Amino acid sequence: MNEEALERIRNGQYKDRGMVKWRAFASMPEQYIGQDKVLEDKLKVEQPILSEDQVEQINQTLSEAIHNQKEVYLTYYKQGHCITETGRIEHINVHKKCFYFIDEVFELRNEMPLTALIDLRFK
């Protein structure tokens, strides 16, 4: 800074722009929301199609996990994403074609359609 500018600051003649200088960033949240949506859409995948062998293996693991109360890693498809959780299978509802599991983290009871299940492994 030069002496003239310092003198104006000392005399109170200097006027700061205040929040005006931040107005350029006022539109940024909308841009970030748009970017997040684009990235999320790019990360989406189609639901994998399981072979008969994979379905049979999942059925065997489901049955054993229920009878022995073993914890399992569940991988399921939801809204374009493959999600893996750890939990315990509580029971299967054949009429509704879904199963119930209790997740390890929050110990909440979750209902999930059997068609969403991609992989099931013992912990």
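Scope of this entry: the structure provided in the associated data block. (Residues numbered from 1 in each chain as written. Predicted model: local features only at pLDDT ≥ 70, side-chain atom pairs only at ≥ 80, totals over all residues. Heavy atoms only, no water.)

1. Digging into the pattern of salt bridges
Oppositely charged side chains are able to pair whenever their charged atoms sit close together. If you walk through the whole model with that rule in mind, you get seven salt bridges. Among the salt bridges present, the one from E104 reaches K123, with a minimum N-O distance of 2.5 Å. In this pair, E104 sits in the loop between strand 3 (98-103) and strand 4 (109-113) while K123 sits in the segment after strand 5 (117-122), placing the two residues 19 residues apart along the sequence. On the accessibility criterion, E104 (34% relative accessible area) is partly exposed. Measuring nitrogen to oxygen at the nearest pair gives 2.6 Å for the salt bridge that ties D119 to R121. Overall, D119 belongs to the partly exposed group, its relative accessible area being 23%. (Salt bridge = Lys/Arg side-chain N within 4 Å of Asp/Glu carboxyl O. Helix = DSSP H or I, 4+ residues; strand = E, 2+ residues; numbered from the N terminus. Buried < 20%, exposed > 50% of the residue type's maximum accessible area, 1.4 Å probe, protein only.)

2. As for the side chain of T75
The topology assignment puts T75 in strand 1 (residues 71-78). In this structure T75 comes out as buried when scored by relative accessible area, which is 15%. Side chain to side chain, T75 and T84 meet in a polar contact 3.0 Å long. The residues touching T75, leaving out its near neighbours within four places in the chain, are I83, T84, A116, L117, I118 and D119. (Polar contact = N/O pair within 3.5 Å; in protein donor to acceptor, adjacent residues only side chain to side chain. Contact = heavy atoms within 4.5 Å.)

3. Structural notes on the environment of A65
Within the secondary structure, A65 is located in helix 3 (residues 52-68). Contacts of A65, omitting those with residues within four sequence positions, involve K70, V72, I89 and F122.

4. Considerations on the nonpolar core
The biggest cluster of nonpolar side chains holds 14 residues, and the ones touching the most others in it are L74, I89, F99 and L120. Looking at this core, the elements that each hand over two or more residues are helix 3, strand 1, strand 3 and strand 5. The biggest single contributor to this core is helix 3, with four residues. Not counting residues within four places of it along the chain, the set of residues in contact with I89 comprises L62, A65, I66, Q69, V72, L74, F99, Y100, F101 and L120. (Core = buried A, V, L, I, M, F, W, Y, C linked by side-chain atoms within 4.5 Å.)

5. Considerations on the environment of L117
With respect to the secondary-structure elements, L117 resides in strand 5. You can call L117 buried: its relative accessible area is 3%. Sequence separation of L117 and Y77 is 40 residues, and the distance between their C-alpha atoms is 6.5 Å. When residues no more than four places from it in sequence are discounted, the contact partners of L117 are L50, I58, L62, L74, T75, Y76 and F99.

6. A look at the layout of surface pockets
Taken as a whole, the largest pocket encloses approximately 180 Å³ of empty space. Around the largest pocket sit Q47, P48, L50, V55, I58, N59, L62, L114, T115 and L117, which together line it. Per element, the largest residue contribution to the lining of the largest pocket is four residues, and it comes from helix 3. Here the residues of the lining of the largest pocket are counted per class, giving seven nonpolar, three polar and no charged. (1 Å grid on protein atoms, 1.4 Å probe; cavity = no way out; pocket = protein on both sides within 12 Å on 5 of 7 lines; lining within 4 Å. Points joined across faces, edges and corners; volume = space filled by probe spheres on them. Nonpolar A, V, L, I, M, F, W, Y, C, P; charged D, E, K, R; others polar.)

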